[in-house]
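# Architecture at a glance
Residues per chain are reported as follows:
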Amino acid sequence: MSFIFRETPALPRLAWLASVESGRCTVEHGCLVETSRDFFVEGIWNGDFATGCFDARESFFGSGAVRRGPDYVFVASSATVDCLYYATHSGRVVCSNSLPFLLSALGDRLDPRNPSYARINDSITAGLNVYERHIPTVAGGVHRLVHHNLVVRAGSASEEPKQLPPRFASYKHYHDYLDETLRGMIQNAKDPARHTPLRILTTQSTGYDSTAINALARRYGIDLALSVAEPKERFGYYGGGKARTQSDSGADICRILGIQMATMDRRFFEKETEMEFLYWAGTHNCLDMNLHEVTKHTGDGAVLLTGIRGEIWYTENSINSTDASSMSYINDQVQCWSLNGHGLSEARLHGGYINAAGPYIGVRPRQDIYDIGNSEEMRTWTIGGAYDRPIPRRIGEEAGVPREAFGQTKLATVVEILPPHLPRGKQLRQEFFAFLRKEFGSLADTRLRLAQRLNYPLMLFLRAYDKARRILRVRLLPFARPVRRTRFCLGDNRKSALYVFCVNKAAEFYTSRRV
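Report follows, based on the coordinates. (Residues numbered from 1 in each chain as written. Predicted model: local features only at pLDDT ≥ 70, side-chain atom pairs only at ≥ 80, totals over all residues. Heavy atoms only, no water.)

## Comments concerning the overall build of the chain
For clarity, the threshold we go by: For helices the rule is a DSSP run of H or I covering at least 4 residues; for strands it is a run of E covering at least 2, with both sets numbered from the N terminus onward. Put simply, the radius of gyration uses C-alpha atoms, and a globule should come to 2.2 Å times the residue count raised to 0.38. Each residue is placed in one exposure class: buried if its accessible area under a 1.4 Å probe, protein chains only, is under 20% of its type's maximum, exposed if it is over 50%, and partly exposed if it falls in between. Every residue pair with non-hydrogen atoms within 4.5 Å of one another is taken to be in contact. Only the protein chains shown count as cover for residues, with accessible areas throughout obtained via the Shrake-Rupley method and a probe of 1.4 Å. Residues scored as charged are limited to Lys and Arg (positive) and Asp and Glu (negative), so that His and the chain ends carry no count. For the purpose of locating charges, the reference atoms are NZ of Lys, CZ of Arg, CG of Asp and CD of Glu.
Per the secondary structure count, the chain includes 14 helices and 18 strands. Computed over its C-alpha atoms, the radius of gyration of the chain comes to 22 Å, within 12% of the 24 Å expected for a compact globule of 515 residues. Seen along its three principal axes, the alpha-carbon backbone of the chain occupies a region of about 70 × 60 × 40 Å. Every one of the 515 residues in the chain was classed for burial, and the buried ones make up 58%. Here the contacts in the chain between residues at least 6 apart in sequence split such that 68% fall between residues at least 24 apart. Counting only carbon and sulfur atoms, one obtains 50% of the accessible surface of the chain, whose full area is about 20300 Å². Distance between charge centres in the chain, computed from 65 positive and 55 negative side chains, equals 6 Å.

Following this line, the structure appears as structure tokens:
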């Protein structure tokens, strides 16, 4: 039983593909994937790097595999923003941290005529037990794995649950767990036993989540914080609605915490449009192109600490003020509100950074975290309203950040494109339109462009209707609530199209780069 490594400089720096057959595991990989006799990894964990026991850790960011006796254990990120993809055939198991890489190796592609990919991607928000694992393809299908480990034994593959974090009895218990885990992860990332020790980058906004993560991590060696000052548009969609006058810059918070900071251009992706397809290859509803300029700061490899999935710190008050149905998310299934962060899953492999979404640390005992946030000991840090997260507020304020400096107004800087999604870059848009015409007829691109134009006034109408309905407490139109639930009905039958096109385009990229 052994690993056989083959580094290919032309591959994305953190991409890997492993083929297990007859007891041997052959790994094609980019130049920043760490390799050892008994493991390979592009990831960080709270533990000694040289021992490589990340398969036994409950909190792990990135991906990799370890040899455990006769078995190979492939390890997915604890965060649901990254997945493993694999296929089995005739005693051979092929696994990768990139869906396009796996499809390239199999000579397979996503099926342009299959409309289910958006639903499959969205199913991750429903939790670990019920998300859809099978991804249909032209040749049949492949599988994906979120959060847990994949054990390959005697030519077959089976899912193995990750070790659970401890239960949290108090704020101090939870705080100390977060703090100790971040300390260990940063030490692991900088461990001199690595071929390439990693830079520690982080994001900083005026929100709760990045403030809390950085208030803890600052003592252990953050190299640079990155902040986007321009918030998303008033009505949410990129290029539509009014620009906000408020700034989401974390400059003042970084100054208080003693962290060096650089400002990123939210629109930088429009200056490097040749990379846009990588974000749409991550998910059909990409929100993450605002972080494209991160790639200018990764150097020879980096960790990017983020506050993605900070809604785990919501209290009863904040949930009831936004969407009371989300109360059902208080369980150990890692359910979430959106696909924020998923758009980085392919792009980060090319950019050379590990997506370390801090709120996922110790996330499984979510009922404990929820109870702590609602407990009497947290009343001092409870401000009320829809945007109320006492746990990160206490972490930030006890680190010296004034109450008025963060967590006052939820801004966000995501780039949310109005459905049906169309590329921003001219060249990619032309290629996508040619794809639509080939697959769905000569007017397919015209119909999607028209649908996007009509959806914006439709969105404004539905928001105005919903506001009036809440004020008057009556249903004004019998059909409007079902329309609002689906949000947009125009072009909905093609909402997987851009994702399929970009995944297949990325697969062609991998084919051109493999030895």
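## Focus: the sheet that holds strand β4 (residues 34-35)
So the rule is basically this: In this description, strands pair whenever DSSP reports at least two bridges between them.
An order of β4-β5-β6-β7-β12-β13 is seen for the six strands of this open sheet, with the pairing classed as antiparallel. Where the open sheet ends on each side, the last strands, each with one partner, are β4 and β13 (156-160). The sheet contact formed by strand β7 (residues 71-75) and strand β12 (residues 149-153) spans four bridges and is antiparallel. Each bridged residue has a counterpart across the sheet, and for Val73 the counterpart in β12 is Val151.

## Looking at helix α3 (residues 171-189)
An α-helical turn contains 3.6 residues, so a residue and the one three or four places further along point in the same direction. Keep this limit in mind: Expected helix span is taken as 1.5 Å per residue step, with the number of steps being one fewer than the number of residues.
Taking 1.5 Å per residue as the helical rise, α3 with its 19 residues ought to reach 27 Å, and the 27 Å between its terminal C-alpha atoms agrees with that figure. Every buried residue belonging to α3 is among Tyr171, Tyr174, Tyr177, Leu178, Asp179, Thr181, Leu182, Gly184, Met185, Ile186, Asn188 and Ala189, and all of these are buried.

## Description of the sheet that holds strand β8 (residues 83-89)
Spelled out, the test is: The axes are straight lines fitted to the C-alpha atoms, using for helices just the contacting stretch, and the angles between their N-to-C directions are given from 0 to 180°.
Reading across the sheet, the seven strands line up as β1-β3-β2-β9-β8-β11-β10 and stay open at both edges, with mixed pairing between neighbours. Across the chains shown, the open sheet's two edge strands, defined by having one partner strand only, are β1 (2-7) and β10 (134-137). Pairs of neighbouring strands in the sheet enclose a mean axial angle of 25°, with direction left out of account. Sheet analysis places β1 next to strand β3 (residues 24-29), joined by six bridges and oriented parallel. Its bridge partner lying in β3, Arg6 is registered against Glu28. Strands β2 (16-21), β3, β8, β9 (92-96), β10 and β11 (140-146) of the sheet are contacted by helix α1 (residues 99-106), whose axis makes an angle of about 20° with β8.

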